[in-house]
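Chain by chain, the residues run as shown.
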Amino acid sequence: MFGAKHILPKGNPPLESAYDAVLIGGGLHNLATAWFLAKEHNMNRVAVLEKNYIGYGGAGRNTAIVRANQRTQKNIPLYKEALDLWPVLTRELDFNLMFYNCGNLNLLHSEAAVKAARTNIATAKFLGVESHLLDAAETAKRVPALNLSQKITHPIHGAMYHPPGGIVRHDAVVWGLAKGAAEKGVHIHQQTEALGIATKNGRVTGVKTPAGTIYTPRVLVSAGGYTAGLLYHMLKIKMPISVLTIQAMVTQPLKPLLDHVVSSGAYHVYANQTLKGEIATGAHMDPWPNYTTQTTAGYIKHQAEALVELMPCLAGVKFMRSWAGLADMTPDMAPIMDGNDPVEGVYMNCGWGYFGFKSCSATGRYMARFLATGKCPDRLKPFALARFKNHRLMGETAALVNYTPDN
Amino acid sequence: MSLLIHCPICGRRNGYEFRYGGEDKGAYPAGRSLTPEAWYEYVHANTCSAGVVAEWWCHRHGCGLWFTIFRDTRTNRQVLEHGGRS
Ligand SMILES: Cc1cc2nc3c(=O)[nH]c(=O)nc-3n(C[C@H](O)[C@H](O)[C@H](O)COP(=O)(O)OP(=O)(O)OC[C@H]3O[C@@H](n4cnc5c(N)ncnc54)[C@H](O)[C@@H]3O)c2cc1C
Ligand SMILES: [Zn+2]
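Starting afresh in each chain, residues are numbered from 1 along the sequence in its written order. All chains are assigned letters beginning at A, and all ligands numbers beginning at 1, according to the order in which they are written. Residue-level local features of this predicted model are given only where pLDDT is at least 70; pairs of side-chain atoms are given and counted only at 80 or more, and the full residue set underlies all totals for whole chains, interfaces and linings. Side-chain calculation: all heavy atoms of the structure are included, whereas hydrogens and water are not.

J.: I'm lost on the site of ligand 1 in this one. Help?
T.: Residues and elements named next belong to chain A. One heavy atom suffices: a residue is near a molecule or strand as soon as one of its heavy atoms comes within 4 Å of it. Close to ligand 1 lie 38 residues, the nearest being L28, E50, G58, A59 and K358. Between ligand 1 and K51 there is a distance of 3.0 Å, counted from a nitrogen atom to a backbone nitrogen or oxygen. Within the complex, the protein chains bury 97% of what would otherwise be the 1000 Å² of accessible surface of ligand 1. Residue composition of the shell around ligand 1, by class: 19 nonpolar, 14 polar and five charged. In protein, a polar contact means a hydrogen-donor-capable atom and an acceptor-capable atom, both N or O and within 3.5 Å, with residues adjacent in sequence counting only if both atoms are side-chain atoms; elsewhere, any N or O pair within 3.5 Å suffices. Only the protein chains shown count as cover for residues, and the accessible areas themselves come from Shrake-Rupley with a 1.4 Å probe. Polar here means any residue outside two lists: the nonpolar Ala, Val, Leu, Ile, Met, Phe, Trp, Tyr, Cys and Pro, and the charged Asp, Glu, Lys and Arg; Gly therefore counts as polar.

J.: Help me out: how do you make sense of the sheet that holds strand β10 (residues 203-209) of chain A in this one?
T.: Pairing between the strands of a sheet comes from backbone hydrogen bonds, and it takes one of two forms, parallel or antiparallel. Residues and elements named next belong to chain A. Reading across the sheet, the three strands line up as β9-β10-β11 and stay open at both edges, with antiparallel pairing between neighbours. Where the open sheet ends on each side, the last strands, each with one partner, are β9 (196-200) and β11 (212-215). Recorded for the sheet is a direction-independent mean angle of 35 degrees between the axes of neighbouring strands. Pairs of strands are assigned from DSSP output, requiring at least two bridges between the strands. Counting from the N terminus, the helices are DSSP H or I runs at least four residues long and the strands are E runs at least two residues long. Structural elements are reduced to axes, namely lines fitted to C-alpha atoms, with helices fitted over the stretch in contact, and the angle between N-to-C directions of any two is expressed from 0 to 180 degrees.

J.: Before we go on, may I ask you to explain the interface of chain A and chain B in this structure?
T.: Bring the parts together and some accessible area is lost; that lost area is often taken as the interface size. Here, two residues are considered to be in contact whenever any of their heavy atoms come within 4.5 Å of each other. Between chain A and chain B, the contact holds 28 residues from the first and 29 residues from the second. Accessible area that two parts lose when put together, with a 1.4 Å probe and added across both, is what the buried area reports. Of the roughly 2500 Å² buried at the junction of chain A and chain B (both faces included), carbon and sulfur atoms supply 62%. Ranking the residues of chain A by area buried against chain B places K238, W288 and Y291 of chain A at the top, with a combined share of 28%. Between Lys or Arg on one side and Asp or Glu on the other, a salt bridge is scored when a side-chain nitrogen of the former is within 4 Å of a carboxyl oxygen of the latter. Linking chain A to chain B there are one salt bridge. In this structure, the salt-bridge partner of E41 of chain B is K238 of chain A, at a minimum N-O distance of 3.8 Å. Between chain A and chain B we count eight residue pairs in polar contact (both at pLDDT 80 or more) in total. At the level of secondary structure, the elements contributing two or more residues to the side of chain A that touches chain B comprise α6 (227-235), β13 (242-251) and α9 (386-389) of chain A. No other element matches α6 of chain A, which puts three residues into the side of chain A that touches chain B. When the residues that make up the side of chain A that touches chain B are grouped by side-chain class, the tally is 16 nonpolar, nine polar and three charged.

Here is the structure:
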């Protein structure tokens, strides 16, 4: 990490009294936005404010999975662009992001799941994204460690196979983007908390920090799981979001045995083998909102049981570490990107739940365009907050995800 | 994740016996004057406060009662309305 002592390229910058744009949160989305503002829009009088250190939030806690086989026609093109950007960013940032496109296997454990996968695969193909249906034997050929027994809790019927996805080293993305943006003149202020947003006549005027107010005509609030709370605290904007702690863990390093990202809805688990050899696994969200980022013994047990049923060779392998972060969930499992409503000059990018790593490259690029021009790019229009107020939710999930009395 | 909740009927019980029901939004906004905006506020809009929040809970695996508690979302503890220990 670039801690307080580690110096960014050009050193720790002075906090100026005015910037052309202030981005609240030093996570992936804002670092990508800052990079593209400088690179594609010639805007480098830009400040990124980070309360802790860059990568403190979901940026440094995610399990690094990238893919573009989502469910709806509105979502897939954004994720496809993000996926296509990893090799480009690796080159442009001159930083090895360790993109490992090993492919994703989404295990199917029932006829209903196979049927649902067929729809997803057809949508992906229609939008130019590679996705196939595999039967059980073809699935096991890809990952011989998988258990094809009919006697397990949820026997494997097959898989949705998405070859272009995989994993990207998340810390490298943080470092690469921060280095690139700082070299282009962006000021990354760590240990600098945004305390409030100043407005006048419906327009933003600045951001309050412990060191005083920074004047700016544009503020982007994109602080991962903290965004919704900040928007309410600072501007009294209520978001259709629930913030939950989500956990992950890694085993001791093993010789290569798993060269795909494997996920299973029925077992409520996903796993991949990192380049260091650890099996990284997760999926559990707490059943009620909280900001604790605490882990639970019960879930570690669940992971061990599920993984060993799916891949019996993992029996006896030890977990080395577990950790947790925040997931800001929307009811339709799609993010919210908006701006200039209700406050001119205030932009928001949030609701990325547990899937906001894979999208940060393309989202940063579009948010940069949005901030630079003041006009919402067409690609982002479906993600406006108004879809909830108009009760036109996106169909990214078949059933509404809602932490309210309805379910 | 540990949580103890005080049910008005059953007393202090393990949080996993309860169903979280969302932020306390007040009375059901029924009636002819209900706008799409007000319905949005009622079903979707949250404060997401990192701090003390008034919430609906149901003692699902107990007496079935719906009631309101105050909980600090930073510590995951039920508290009194002003934030003190309950
Ligand atoms: C365990 C886990 C696993 C995940 N796995 C995946 C995955 O496999 N694939 C995937 O695509 N996504 C995954 N995600 C989701 C992804 O990590 C997040 O959606 C994404 O990182 C959030 O965006 P961000 O990086 O821009 O924000 P974050 O990195 O969350 O950044 C928010 C930052 O804002 C700062 N901040 C907060 N308040 C303030 C303030 N007042 N002023 C200044 N700064 C502030 C915080 O300190 C923090 O650094 C996972 C998340 C978790 C927690
Ligand atoms: Zn009870």
